[in-house]
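Fold and geometry: a report
The lines below spell out each chain.
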Amino acid sequence: MNFTSKLVQESVEAFSSLPGIGKKSALRLVLYLMNQPKETTHDFTAALINMRENIKTCSNCHNISDTEICGVCSDPRRDRSVLCVVENIRDVMAIEDTGQYRGMYHVLGGVISPIEGIGPSDLNINSLESRLEKEETKEVIMAVSPTIEGDTTIFYISKKLKDMAVKVSTIARGVSFGGELEYADELTLGRSIVARIPYQIKGE
Amino acid sequence: MKIQGLKLTQFKNYDSGQFVFSERLNCFVGKNGMGKTNLLDAIYYLCMCKSHRGVNDRNVVKHSTEFFRLEGYFLNEKKIEKKSKSKIKIVAKVQPGKNKEIEKDDVAYQKLSEHIGMIPVVIIVPDDTLMATEGSEERRRFLDNTLSQLDGDYLKNLITYNKILKQRNSALKKFAETRSFNAELVDIYDQQLIGPAQVIFEKRKEFINSFRPVFKEFYQDISSGQEKIDCIYSSSLKYGDFANQLKESREKDRILTRTTCGIHKDDLVFRIETHLLRKFGSQGQLKSYVLSMKLAQYDFLKKNHISNPILLMDDIFDKLDEGRVQQLIKLILEKNFGQVFITDTHENRVEEIIKNFATDYKKFYIENGELKE
Ligand SMILES: [Zn+2]
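None of these values were measured; they are calculated from a predicted model. (Residues numbered from 1 in each chain as written. Chains lettered and ligands numbered in written order. Predicted model: local features only at pLDDT ≥ 70, side-chain atom pairs only at ≥ 80, totals over all residues.)

Here we come to the domain arrangement of chain B. One frequently used descriptor of interface size is the decrease in accessible area upon assembly of the parts. Residues and elements named next belong to chain B. The assigned domain composition of chain B is domain 1 (1-120 + 307-373) and domain 2 (127-304). Summarising the inter-unit geometry, the C-alpha centres of domain 1 and domain 2 are found 28 Å apart. The interface is formed by 14 residues belonging to domain 1 together with 14 residues belonging to domain 2. Ranked by residue count, the leading element in the side of domain 1 that touches domain 2 is helix H10 (residues 322-334), at four residues. Of the residues that constitute the side of domain 1 that touches domain 2, the class distribution is seven nonpolar, four polar and three charged. (Domains from an automatic or database assignment. Contact = placed C-beta atoms within 7 Å. Helix = DSSP H or I, 4+ residues; strand = E, 2+ residues; numbered from the N terminus. Nonpolar A, V, L, I, M, F, W, Y, C, P; charged D, E, K, R; others polar.)

In this section: the sheet that holds strand E3 (residues 82-86) of chain A. Sheet strands pair via backbone hydrogen bonds, and the direction of the pair is either parallel or antiparallel. Residues and elements named next belong to chain A. Pairing is mixed in the open sheet, where five strands are placed in the order E4-E3-E5-E6-E7. The open sheet has two free edges, formed respectively by strand E4 (104-107) and strand E7 (197-198), since each of these has just one partner strand. With four bridges connecting them, E3 and E4 associate as parallel partners. By the bridge assignment for E4, Cys 84 is matched with Tyr 105. (Pairing = 2+ DSSP bridges.)

Further remarks concern the sheet that holds strand E2 (residues 14-20) of chain B. Residues and elements named next belong to chain B. Here six strands make up an open sheet; going across it, the order is E2-E1-E4-E5-E6-E7 and the pairing antiparallel. Lying at the two open borders of the sheet, with one neighbouring strand each, are E2 and strand E7 (107-108). Sheet analysis places strand E1 (residues 2-11) next to strand E4 (residues 68-77), joined by seven bridges and oriented antiparallel. The residue of E4 that forms the bridge with Thr 9 is Arg 69. Lying on the sheet, helix H1 (residues 36-48) is in contact with E1, E2, E4 and strand E5 (85-94); it crosses E1 at an angle near 110 degrees. (Axes fitted to C-alpha atoms, helices over the stretch in contact; angles between N-to-C directions.)

Here it is as structure tokens:
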């Protein structure tokens, strides 16, 4: 694509470096912004810079947060007796969207998969243990994807929690959430959290 | 199951090609390297979602082209309801940067494993002797190939077992690199391996039990020898609890950074009289042995599958002399095998034999990846 303007070319390249945006869409966005008042672009870039400079990870649950402690962890109306263990922050968003869950979260940051170089110590498992020691959690819900690696992770964590006074449950497996929590439709996911089942440790 | 038509695009040495087959017997004739075997492989691909002998898809695409496509038109004749015939179209698409796709009647499978076993197939090739001469992997491949086509549950457990095994081995490697050891994680993998291992072990054991007599019968049919042959299933799971075995070999596993016991170490012991076939069998006995394995595999699939398998035979004259081939073809035609494909380098050799039997057949002359009329 020949732009005749280096300024336009740089902006197009910036946009098209983002996932899912090709050169043509990038040019459309740049031309759009060019024809809007300057403030539109200022507000747009300011929002992005502000997000990038100030976004934090909640020191308690590892969810994304604007503050040291996230909105869920600091909300006194949330039910502190249940804690939902998820793989990533998008799972938190998916479950929040169902509107059927009022408990707490803990973001693991993945599942155990040595093939991809992820061992238990690479995940937020230690911090989960120390949370459970001091918080008033009665039930831990494992909302981890129904894969072999997900199974390993649930199994591993459940064994760690075996001697604590918490009940472990899993969300109904085999419900059609396409392998990944974030693609679950809200109704199915919401229902499977409500209809969760107690977890039985294998071989015991 | 029968294949009525095949269309190839940029598959191996075929630029494009179209075939209409006999529902009984088909012969591909032509010189070596002209592409007869590639046609058998194309049919095999549509049944098993991969090239036979595990050739990488990149090497299946015609030289200097990017993608390949196979289209097969199958006729489904279930043995129980003889009248219900239905047509099925299977398409295989492989292109760079995309996952391989297999479609059934224009709908892509989510998992390729769902397709395995729908169209049962047996392929007989000169390389089969590797089963007798090479390591145990070849013989496990034979077991897995047979059972996967019959039993979706077997295939599912096998896939699960292999995934967990890979993770366990990766974990052992990582521990060695970081000079650490997480016994709790290894415990979990052990627990996860036990269920699938037990299922696979039981199914393999049961299979070999019913396979052995059929296999022996075929061997007597195609070899005139009086020697006693046998095929014995060997697995560590025969000797006690797998959970204990894992525990006992853990230290060894840790040092070697791989899992040293389990069904991925299973083997078949090929015997002739009281000796190992590999060490004491003649070339002729070896060839007859593996050919009997394959024919028995065909027979086993035929008896246990709802549809008749397709039989692909590459270069049978490599295995047997002309008299034996005649005997074999007689056997195949009399024992009511389903659809059969044969390749031969001599234009008329197979035809001469077939003439003696009243059967429907078609001959295809192949030259440089093209069908010559
Ligand atoms: Zn938080």
